[in-house]
Amino acid sequence: MQREGLTELSFIQKTFLAVGIVVFALLLIALVYYTFDIFLLIFSAVLISIFLRGLAVPVAQWLRVGEGWAVLGVSIMLILVLAGAIALLAPSVAEQVQLLRVKLPQSARQAADFIGQFPWGQAMIRQMPSADTVMEKIDTGQVLTGVGGVFSSTVGAIGNFFIVILLSIYLAAEPRLYSEGFLRLFPPLSRKRAGEVLETAGETLRWWLIGKIGSMIFIGVLTWVGLSIIGVPLALTLGLLAGLLSFIPNFGPIISAVPALLLAFINSPMTALYVLGLYIGVQVIESNLVTPYIERQTVELPPALTVIFQLALAVTVGGLGLVLATPLLALLVVIVQMVYISDVLGDKTQPEISPAASGPEIQHS
């Protein structure tokens, strides 16, 4: 009887333990789901801090000043340069954007009339909203519905922008304070390995940012020059749009090409064909020159996996998830390769990612 009582008690304890684990897992999933947009904001600040340190560390070594002062100085210089660029380009860009709002519906109607000559085009047009409906949604802000999280309103976007900038300056000024605090969460015997993973992840993101910024400048300038030669109106604005949206692989170039193609229809369908060839050519050059260089310095991201991850974050989080999907995937690939494949599975057949020799060293406790 005593053994049966102990067996029954053990069964009840195991049942409560199993229920407790399931409840904890569900609460953890809910917490991650409802706070993931905050995590993305923090990740944005980390990316900007890596960029700031990439500029500030050489300046600190050259001027022989503290890294914190160098970060502050570089931040002020970047703000001044950005403000100057806005002051110079804002009148022209604002005028072109206003003209773009007027011309886009006209060009969309011309494109619809041209495509409507074909049976497949008529079927496509019936499934698409009209240009007036799209512009009405943009004017009323309905296009932002579902973008989710903290970027759902203008006030929220501005507030979070300043929060991200402030966090990035703090992280860039004293990275070791936060990295060493993070490493103390691990057991003493695991801190050295955790530091190696953290350092490699930082170097991966740094080189990814360097390559991506170079790619954005390359695409923006080349698109601007190409559109100017073809004679498409608003070439400067379209070039800036192409450069900024190229930060989003796969989807950014498609989104940036749509207004250029619509405006090209104002001249003729042949001009739109030239514009399509220009965008394809720019992407082909970028994919064969810039992207291979980035992957040599960071990690190679399978295209299908990248698209799936982008779609998953876009549906789950919204626009911010789509923007940050690629660098976040690069970070996850580094962690999986170093922690799971190399350490847990013991698979040493793949050469492990190693940080660049010039990367900052992390002190381990």
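The structure displayed is predicted, hence computed values, not measured ones.

Student: So what's going on with the overall build of the chain? Residues and values would help.
Tutor: Across its full length, the chain carries 12 helices and 0 strands. Walking the chain from its N terminus toward its C terminus, one meets helices and strands in the order α-α-α-α-α-α-α-α-α-α-α-α. Excluding contacts between residues fewer than 6 apart, the proportion of contacts in the chain whose partners are at least 24 apart in sequence is 71%.

Student: Explain the nonpolar core to me, using residue names and the numbers behind them.
Tutor: With 30 residues, the main nonpolar core has L40, F43, L313 and L328 as its most contacted residues. Elements with a minimum of two residues in this core: α1 (2–63), α7 (191–230), α11 (303–316) and α12 (319–344). At 10 residues, the largest contribution of residues to this core is made by α12. In this structure F43 touches L205, L324, P327, L328 and L331, once residues within four positions along its chain are discounted. L238, A260, F265 and Y279 belong to the second largest nonpolar core, which has 17 residues in total.

Student: Residue-level account of a nonpolar patch on the surface, with values.
Tutor: On the surface, W62, L63, V65, W69, L72, I76, M77, L80 and V81 cluster together into a nonpolar patch covering about 1,000 Å² of accessible area. Those elements that provide at least two residues to the nonpolar patch are α1 and α2 (67–115). Along the polypeptide, L80 turns up in helix α2.

Student: Which residues make up the packing of α7 against helix α8 (residues 235–245), and what values do they have?
Tutor: Look at α7 against α8: their axes get within 7 Å of each other, and the N-to-C directions meet at 155°. The orientation of α7 with respect to α8, classified from their angle, is roughly antiparallel. Judged by the sense of rotation from one axis to the other, the crossing of α7 with α8 is right-handed. Here M216, I219, G220, T223, W224, L227 and S228 of α7 lie close against α8, whose contacting residues are A235, L236, L238, G239, A242, G243 and L244. Looking at the contact of α7 with α8, its residues break down into 9 nonpolar, 5 polar and no charged.

Student: Which residues make up α8, and what values do they have?
Tutor: Among the 11 residues of α8, 8 are classified as buried, and the element is accordingly described as predominantly covered. Those residues of α8 lying buried are A235, L236, T237, L238, G239, A242, G243 and L245.

Student: An account of the pattern of salt bridges is requested, with residue identities and associated values reported.
Tutor: Counted by the stated rule, this structure contains 2 salt bridges. In this structure, R193 engages E196 in a salt bridge whose closest nitrogen and oxygen atoms are separated by 3.0 Å. With R193 and E196 both in helix α7 and 3 residues apart, the pair spans about one turn of that helix. Relative accessible area serves as the criterion here: at 30%, E196 is assigned to the partly exposed category.

Student: Outline unusual backbone geometry, listing residues and values.
Tutor: Backbone geometry places R64, a non-glycine residue, at a positive phi of 55°. Looking at the element boundaries, R64 is found in the loop between α1 and α2. If you check the backbone angles, N250 has positive phi at about 70° while not being a glycine. Residue placement: N250 occurs in the loop between α8 and α9 (252–267).

Conventions we followed
- Residues numbered from 1 in each chain as written.
- Predicted model: local features only at pLDDT ≥ 70, side-chain atom pairs only at ≥ 80, totals over all residues.
- Heavy atoms only, no water.
- Helix = DSSP H or I, 4+ residues; strand = E, 2+ residues; numbered from the N terminus.
- Contact = heavy atoms within 4.5 Å.
- Core = buried A, V, L, I, M, F, W, Y, C linked by side-chain atoms within 4.5 Å.
- Buried < 20%, exposed > 50% of the residue type's maximum accessible area, 1.4 Å probe, protein only.
- Patch = residues over 30% accessible without salt bridge, like charges linked within 9 Å, V, L, I, M, F, W, Y side chains within 5 Å.
- Areas by Shrake-Rupley, 256 points an atom, 1.4 Å probe, with all protein chains shown as cover.
- Salt bridge = Lys/Arg side-chain N within 4 Å of Asp/Glu carboxyl O.
- Axes fitted to C-alpha atoms, helices over the stretch in contact; angles between N-to-C directions.
- Parallel < 35°, antiparallel > 145°, perpendicular 65-115°, else oblique.
- Left-handed = near helix turned anticlockwise from the far one by under 90°.
- Nonpolar A, V, L, I, M, F, W, Y, C, P; charged D, E, K, R; others polar.

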